Amino acid sequence: MSTAAIIPAAGLGLRLGGEAPKALREVGGESLLVHAIRGLRAATAADLACFVVAVPPGTEDDVRKLLDPYAGPVALLIVAGGAERTDSVRLALELVPEHGIDCVLVHDAARPFVPAEVIERVVAAVRAGAPAVIPVVPVTDTIKRVDAAGLVVDTPDRSTLVAVQTPQGFEPTLLRRAHNGDTAGATDDAMLCERLGVAVQTVEGSQDAFKVTRPRDLILAESILAERRTP
Ligand SMILES: Nc1ccn([C@@H]2O[C@H](COP(=O)(O)OP(=O)(O)OP(=O)(O)O)[C@@H](O)[C@H]2O)c(=O)n1
Ligand SMILES: C[C@](O)(CO)[C@H](O)COP(=O)(O)O
């Protein structure tokens, strides 16, 4: 049995700004998407069989040429993404093979430096029987809920809160069922499983798995890459 990796990479990167779509922005001379593909391939215990990459409509051929040299023996499928992240994941999921896959990972192109051990932890937990698995890290700020007027409603106990990363791993049939339902307002795929009443398992994530969202995140990304490239 093998793993399929869906990579939603069709976002515009409005918070990051710049000309190119975010997944094609470069760090250390290579795009975030290439770094993400390389990171997934480094997780050898995941037994990756295919990548399905959702890209901005119209960029399919260019992205295929860009990624071909990095996919190696892993099959590379490209699909035009949708308006929302969940649309892009659903469209990619339609290309995931029906047979021979025991785990589907969904991994943001915008998280280029996830350590291999995090990916392998997610896959191992799915293979051990958890139908939905997410990597998480503790939150370091105090989090408050506020109302429309900006007034604080309450302060949740921080020890019960975590920040959620990707890749998120799923038993394939569950992920298909989750994306067949109502996806409105869902900011990750695990949330769709929660809506079905499925228990979602957490595993330890990593600070390196942060999401490139705003311009300063590129500075952190450059610094992580420089650290990794230093012998
Ligand atoms: N319609 C969309 C929107 C997002 N994504 C992908 O989902 C991941 C996480 O989304 P986010 O960081 O919000 O990316 P953007 O939507 O590009 O950013 P922004 O909201 O700032 O425009 C990214 O890899 C992004 O390319 C996608 O495939 N399709
Ligand atoms: C899926 C995700 O990366 C988990 O933290 C996150 O929810 C994506 O959110 P975004 O606002 O679409 O970047």
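Details of the structure are given in the entry above.
Position labels on residues start from 1 in each chain and follow its written sequence. Ligands are numbered from 1 and chains lettered from A, in the order in which they are written. Side-chain atom pairs in this predicted model are given and counted only at pLDDT of 80 or more, local residue features only at pLDDT of at least 70, and totals for whole chains, interfaces and linings cover all residues.

*Asks:* How would you sum up the overall build of the protein? Please name residues and give values.
*Replies:* When helices and strands are counted, the protein shows 7 helices and 12 strands. We take the radius of gyration over the C-alpha atoms and set the globule estimate at 2.2 Å times the residue count to the 0.38 power. Taking 2.2 N^0.38 as the reference for a compact globule, 231 residues should give roughly 17 Å; the C-alpha atoms of the protein span a radius of gyration of 17 Å, in line with that estimate. Taking the principal axes of its C-alpha atoms as reference, the protein extends roughly 50 × 40 × 40 Å. Buried positions account for 40% of the 231 residues belonging to the protein. Long-range pairs, those at least 24 residues apart, make up 72% of the contacts in the protein between residues at least 6 apart in sequence. A helix here means a DSSP run of H or I that spans at least four residues, while a strand means a run of E at least two residues long, and both kinds are numbered starting from the N terminus. The burial label depends on the number of other C-beta atoms within 10 Å of a residue's C-beta. Counts of 20 or more mean buried, 12 or fewer mean exposed, and intermediate counts mean partly exposed, with C-beta atoms placed from the backbone. Each residue is represented by a C-beta atom placed from its backbone, and any two residues with such atoms within 7 Å are regarded as in contact.

*Asks:* Account for the packing of helix α3 (residues 85-93) against helix α5 (residues 172-180), naming residues and giving values.
*Replies:* The angle between the axes and the distance between the axes are what describe a pair of packed helices. It is the contact of α3 with α5, at a shortest axis distance of 10 Å, that shows an interaxial angle of 130 degrees. By the criterion of interaxial angle, the relationship of α3 to α5 is oblique. With respect to the hand of their crossing, α3 and α5 are arranged in left-handed fashion. Of the residues in α5, those in contact with Val-89, Arg-90 and Leu-93 of α3 are Leu-175, Arg-176 and His-179. Any residue outside Ala, Val, Leu, Ile, Met, Phe, Trp, Tyr, Cys, Pro, Asp, Glu, Lys and Arg is labelled polar, Gly included; the first ten of those are nonpolar and the last four are charged. In terms of residue class, the contact of α3 with α5 is built from 3 nonpolar, 1 polar and 2 charged. Comment: axis = line fitted to C-alpha atoms, over the contacting stretch for helices; angle = value between 0 and 180 degrees taken between N-to-C directions. Geometric relationships in this document are graded by angle, where less than 35 degrees denotes roughly parallel, more than 145 denotes roughly antiparallel, 65 to 115 denotes roughly perpendicular, and other angles denote oblique. By definition, turning the near helix anticlockwise from the far helix through less than a right angle yields a left-handed crossing, and turning it clockwise yields a right-handed one.

*Asks:* Break down the site of ligand 2 for me, citing the residues and quoting the values.
*Replies:* Taken together, Arg-85, Asp-108, Val-164, Gln-165, Thr-166, Thr-187, Asp-188 and Lys-211 are the residues near ligand 2. Here the residues of the shell around ligand 2 are counted per class, giving 1 nonpolar, 3 polar and 4 charged. Placing the C-beta atom from the backbone, one calls a residue near a molecule or strand if that atom lies within 6 Å of it.

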